[in-house]
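The chain contents come next:
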Amino acid sequence: MFEPRRIAIIKPSALGDIVHALPVLTALREKFPNSRISWVVNRGFEPLLIGHPHLDATIAFDRAAFRRVSSALKYSFEVMNTLRRQRFDLVIDLQGLLRSGLLCAATGSPVRIGFANAREGADRFYTHRIEVLDADSLHAVDRYWRIVESLGYRGKMKFVLPVSEEESEKVHQELKLLPRPWIAVAAGAKWTTKQWLPEHFKSLLKQAQDAFGGTVILIGSADDRMRSAEIYSQLAGSKKDWTGETTLPRLVALLSIVDVMVANDTGPLHLAVALGRPCIAPYTCTKTARHGPYPFNPKSIGIESTVACAGSYYKSCPNGMICMSELTPGKLWPSLARALDS
């Protein structure tokens, strides 16, 4: 039976995708308890994985360095040499793009596994290709899971995230005097087509506070500050704006204790789902079947637009963003009310 000594998972980004891949890590630890497991990750996301009980090491790289002509070649050689020195005997590429395929090849591992339908020709760097014929209709979590199934793992899928006790205590001290329920809100997203309208968030949150009271806690990256500020200024109830101010460990600690999460299809949403929080999310250009809140928690739900082009995965919209006016706060309210009532 194949017993690898050193395993590498290649899944550099993005935040939500890394969260979706976490069950693979735990399954590998259970399947190969004596192996040393490392995760190749973009440096910005490394703090999410540090301290994970099933991970021995992270190998972080600076994605921006690959974009600088003056340093790209030298830095690429440094990263590849670092990978080769690890002497991995099993490498799993969950990213499936040219760059991750090259990283996979650079390890020199005798067993390199990836998806047969990987993009940009990444599959040419694998020794073993996993066919996923229903990939277009399968949730990302379940697609990644096909890899561990191909290795003979038959255990239960588990999401495990390290939560810092120190950060949890700091978050609790800042929130303990604020009325509950604590409602975390992530109003931003990298794609414009995923960004539900600020006025929709304002209307939904006002209705929630009128009915249940509580505190709205706005979060997100620094790029989301203007959207959060617009929502924050229109709320009369208890509120806090931490947009652009939380590290990843602080964000995990916060989301582990909030009562409900309202967010677009973005990284913080999937973090909250993995932490077992009830989550309500508007879905405009992506599909809940593929990228919705993973359905192990029945209180987490994505509500999809019903316009003809919904779920098109357009990063820019040729149809005037008609989904934004169609997917109204009223369509999310029954689900949010049920979550808050519980």
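It should be emphasised that the depicted structure is a prediction, and the values quoted were computed from it without experimental measurement. (Residues numbered from 1 in each chain as written. Predicted model: local features only at pLDDT ≥ 70, side-chain atom pairs only at ≥ 80, totals over all residues. Heavy atoms only, no water.)

A. Focus on the pattern of salt bridges. One pass over the full model with this rule turns up 12 salt bridges. Across the salt bridge formed by Glu-166 and Lys-170, the nearest N and O atoms sit 3.4 Å from each other. With Glu-166 and Lys-170 both in helix 7 (residues 165–175) and 4 residues apart, the pair spans about one turn of that helix. Across the pair Arg-250 and Glu-174 runs a salt bridge whose closest N-O atoms are separated by 3.7 Å. With Arg-250 in helix 10 (residues 248–255) and Glu-174 in helix 7, this pair connects stretches of sequence that are 76 residues apart. The exposure class assigned to Glu-174 is partly exposed, which follows from its relative accessible area of 38%. A single salt-bridge network, built from bridges that share partners, covers Glu-167, Glu-174 and Arg-250. (Salt bridge = Lys/Arg side-chain N within 4 Å of Asp/Glu carboxyl O. Helix = DSSP H or I, 4+ residues; strand = E, 2+ residues; numbered from the N terminus. Buried < 20%, exposed > 50% of the residue type's maximum accessible area, 1.4 Å probe, protein only.)

B. The arrangement of the nonpolar core in detail. Leu-28, Trp-39 and Leu-255 are the most contacted members of the largest nonpolar core, which totals 65 residues. Looking at this core element by element, the count peaks at 9 residues for helix 1 (residues 15–31). With residues near it in sequence (within four places) discarded, Trp-39 still touches Ile-9, Lys-11, Ile-18, Ala-21, Leu-22, Leu-25, Leu-49, Leu-55, Ala-57, Thr-58 and Ile-59. Core analysis: the second largest hydrophobic core is formed by 27 residues, Ile-183, Val-185, Cys-323 and Met-324 among them. (Core = buried A, V, L, I, M, F, W, Y, C linked by side-chain atoms within 4.5 Å. Contact = heavy atoms within 4.5 Å.)

C. Fine view of unusual backbone geometry. Of the consecutive residues Ser-13 and Ala-14, the connecting peptide bond is found in the cis state with omega at -10°. Phi at Arg-87 takes a positive value of approximately 55°, unusual for a residue other than glycine. With respect to the secondary-structure elements, Arg-87 resides in the loop between helix 4 (69–85) and strand 4 (90–93). Non-glycine residue Glu-120 carries a positive phi angle of around 60°. Mapped onto the fold, Glu-120 is located in the loop between strand 5 (112–115) and strand 6 (128–130).

D. Quick peek at helix 14 (residues 329–341). Relative to the 18 Å expected for 13 residues at 1.5 Å per residue, helix 14 spans 17 Å between its end C-alpha atoms, a close match to the ideal helical length. At Ser-335, helix 14 is deflected by roughly 25°, the largest bend along its length. Those residues of helix 14 not exposed but buried are Pro-329, Leu-332, Trp-333, Ser-335, Leu-336, Ala-337, Ala-339 and Leu-340. (Expected span 1.5 Å × (residues − 1). Bend = angle between axes of the 7 residues up to and from the residue.)

E. Up close: the sheet that holds strand 8 (residues 215–219). The 6 strands lie next to each other as 9-8-7-10-11-12, forming an open sheet whose pairing is parallel. The sheet is open, and its two edges are formed by strand 9 (238–241) and strand 12 (301–304), each paired on a single side. For this sheet, the mean angle separating the axes of adjacent strands, direction not counted, is 20°. Pairing of strand 7 (residues 182–186) with strand 8, which is carried by 5 bridges, proceeds in the parallel orientation. By the bridge assignment, Ile-183 is partnered in strand 8 with Val-216. (Pairing = 2+ DSSP bridges. Axes fitted to C-alpha atoms, helices over the stretch in contact; angles between N-to-C directions.)

F. Structural view of the sheet that holds strand 5. An order of 3-2-1-4-5-6 is seen for the 6 strands of this open sheet, with the pairing classed as parallel. Of all the strands in the sheet, just strand 3 (57–61) and strand 6 have a single pairing partner and so form its edges. Sheet twist, expressed as the mean angle between neighbouring strand axes with direction ignored, is 20°. Both strand 5 and strand 6 contribute to a ladder of 3 bridges, which runs parallel. If you follow Ile-113 over to strand 6, its bridge partner there is His-128. In this fold helix 1 packs onto strand 1 (6–10), strand 2 (36–42) and strand 4, with an angle of close to 170° to the strand it touches most, strand 2. Lying over the sheet, helix 6 (residues 140–150) contacts strand 4, strand 5 and strand 6, oriented at roughly 145° with respect to strand 5.

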